[in-house]
Amino acid sequence: MSVKSLLAVLIMAAFASTVLAHKASDSFLYVDMDASEVRIDIALRDLALLVPLDTNGDQRITGQELRAQRPLATQAVENAITLTGEQSACTLSGQAWGLSSHSDGPYLATQYRVDCPNGELLEQIEYTLLFDQDSLHRGLVQITSGETRSLTVLSPEKPVVDLSGGAMGAWSTFGTFLYEGIVHLLIGLDHMLFLLVLVLPATLISRRQSNRAPTRSFKSRLLQLAGIVTAFTVAHSITLALSALNIVRLPIAWVETVIALSIAVAALNVVWPFLGRKTWKLAFAFGLIHGFGFASVLGDLTGGVSNLVIALAGFNLGVEFGQLGLLIIGFPLLYAFAHVRAYQRFIVPLILMGIGTISLMWVAERAGSI
């Protein structure tokens, strides 16, 4: 791959879609096995993709507009979920309809009683909302059975949850959120760009260092990068736990805005180190903010869940595996270009300029939604 090709790939990935830099599209399903009830919360911005809610086109959805489209909204919800008993399909009987609030805004909340024929127990839920329109959409499920609450995730690859054994086991929860952590890191364009900015300084070689033995130079840079990544990991792990455990919660709109700003500041600091050259300190400081962004996936669902620690551990390790995978592939590739004169003089400044521009665009976009 040539230097020009590398630059083209980075720019194309950065401009692919700004929506990937926002909180992931999630719905919440609360299943009470004992009461045979299910509640479904769907973000109004997601529901608007299926139902024409903003009838006057002012980019705002009012309660009156939502109520006017209640039949279509209810139909969209009920078409997206299929419940099955031991042998037959179960039916939904509406009990409540209204608005709920999550960290990223208003949601339509619908609560149903689940009626299975012949006294059968609910054994399976299939969820397909928005999977055709958005492959990154997830249905986050909280299952209550007796004194136990557990979590699982529904996705286009796994649209069905089996409830025949009651609440999910610990290993099932861990594996599910391990996978979702990897996916969340890989689809989080803002986190990926911040990681790239942290990596770039470790790939640069000054004139005095250019004559050093390649093995020694690479090892030195690798140790430097290890310290940076460790600092970022420790920091976001702290705030991820604090936020998901509901000890410290920040408005997600503010968090997203500061995350975007942190990317621009980190990019500027590479060129003009006004925050110092101790990149690991920068990684730790901004990692605290990024942790609140990671926690937005869990924070709305996991309050009071008995195996919350397992879900947190799985998700956090998933984020780390995704991060390490990117570094294992990306760092040697970037370092290989470090000895190319054009890389340091032209390519890196262009990459930083592009990242800074995109980040400031995100800042303006997200600040407008606060």
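Before reading further, recall that the structure is shown in the block above.
The following paragraphs examine the structure supplied in this document. Not measured: the values here are computed from a predicted model.

Analysis parameters
Residues numbered from 1 in each chain as written. Predicted model: local features only at pLDDT ≥ 70, side-chain atom pairs only at ≥ 80, totals over all residues. Heavy atoms only, no water. Salt bridge = Lys/Arg side-chain N within 4 Å of Asp/Glu carboxyl O. Buried < 20%, exposed > 50% of the residue type's maximum accessible area, 1.4 Å probe, protein only. Helix = DSSP H or I, 4+ residues; strand = E, 2+ residues; numbered from the N terminus. Core = buried A, V, L, I, M, F, W, Y, C linked by side-chain atoms within 4.5 Å. Axes fitted to C-alpha atoms, helices over the stretch in contact; angles between N-to-C directions. Parallel < 35°, antiparallel > 145°, perpendicular 65-115°, else oblique. Left-handed = near helix turned anticlockwise from the far one by under 90°. Contact = heavy atoms within 4.5 Å. Nonpolar A, V, L, I, M, F, W, Y, C, P; charged D, E, K, R; others polar. Pairing = 2+ DSSP bridges. Phe/Tyr/Trp six-rings, centres within 6.5 Å; stacked < 30°, edge-to-face > 60°.

**Some words on the pattern of salt bridges**
As a working rule, side chains carrying opposite charge can pair if their charged atoms are close by.
(1) Moving on: Applying the stated criterion across every chain yields a total of 3 salt bridges.
(2) Moving on: Where Arg39 meets Asp41, a salt bridge forms, and the shortest distance between an N and an O atom there is 2.7 Å.
(3) Moving on: Classification of Arg39 as partly exposed rests on a relative accessible area of 30%.
(4) Moving on: One salt bridge connects Glu180 with Arg138, and the closest N-O pair in it is separated by 3.0 Å. Taken together, the residues span a long stretch of sequence, with Glu180 in helix α5 (residues 170-187) and Arg138 in strand β7 (residues 138-145) at a distance of 42 residues.
(5) Moving on: Classification of Glu180 as buried rests on a relative accessible area of 9%.

**Remarks on the nonpolar core**
Inside soluble globular proteins, nonpolar side chains tend to come together where they are buried.
(1) Moving on: Counting 37 residues, the largest nonpolar core has Leu193, Phe194, Leu200, Leu225, Tyr343, Ile355 and Trp362 as its most contacted members.
(2) Moving on: For this core, the elements supplying multiple residues, two or more each, are α6 (189-203), α7 (214-244), α8 (252-271), α9 (279-295), α10 (308-337) and α11 (341-367).

**A closer look at the packing of α8 against α11**
(1) Moving on: Across the interface, α8 lies against α11 with an axial gap of 8 Å and an inter-helix angle of 155°. Relative to α11, the element α8 lies roughly antiparallel. The interaxial crossing formed by α8 with α11 has left-handed handedness. Counted together, Glu256, Thr257, Ile259, Ala260, Leu261, Ile263, Ala264, Ala267, Val270 and Val271 of α8 and Leu352, Ile355, Gly356, Ser359, Leu360, Trp362, Val363, Arg366 and Ala367 of α11 form the full contact between these two elements.
(2) Moving on: Split into classes, the residues belonging to the contact of α8 with α11 amount to 14 nonpolar, 3 polar and 2 charged.

**Side note on the sheet that holds β7**
(1) Moving on: Ordered in space as β4-β5-β2-β1-β7-β8, the 6 strands form an open sheet in which the pairing is mixed. The open sheet is flanked by β4 (91-102) and β8 (148-154), the only strands paired with a single partner. The sheet shows a mean angle of 20° between the axes of neighbouring strands, taken without regard to direction.
(2) Moving on: Across the face of the sheet, α5 comes into contact with β7 and β8 while running at roughly 40° to β8.

**With respect to the sheet that holds strand β9 (residues 160-162)**
(1) Moving on: If you walk across this open sheet you meet the 3 strands as β3-β6-β9, and the pairing is antiparallel. If you trace the sheet from one side to the other, it starts and ends with β3 (81-84) and β9, each paired once. Averaged over all pairs of adjacent strands, the angle between their axes in this sheet comes to 15°, without regard to strand direction.

**Some points on the packing of aromatic side chains**
(1) Moving on: Across all of its chains, the model carries 7 aromatic pairs by this definition.
(2) Moving on: A centroid spacing of 6.0 Å and a plane angle of 40° characterise the contact between Phe331 and Tyr335, whose relative ring orientation is tilted. Of this pair, Phe331 and Tyr335 both sit in helix α10, 4 residues apart, roughly one helical turn.
(3) Moving on: Three or more aromatic residues link up through ring pairs in this structure, and these residues are Phe194, Phe232 and Phe286.

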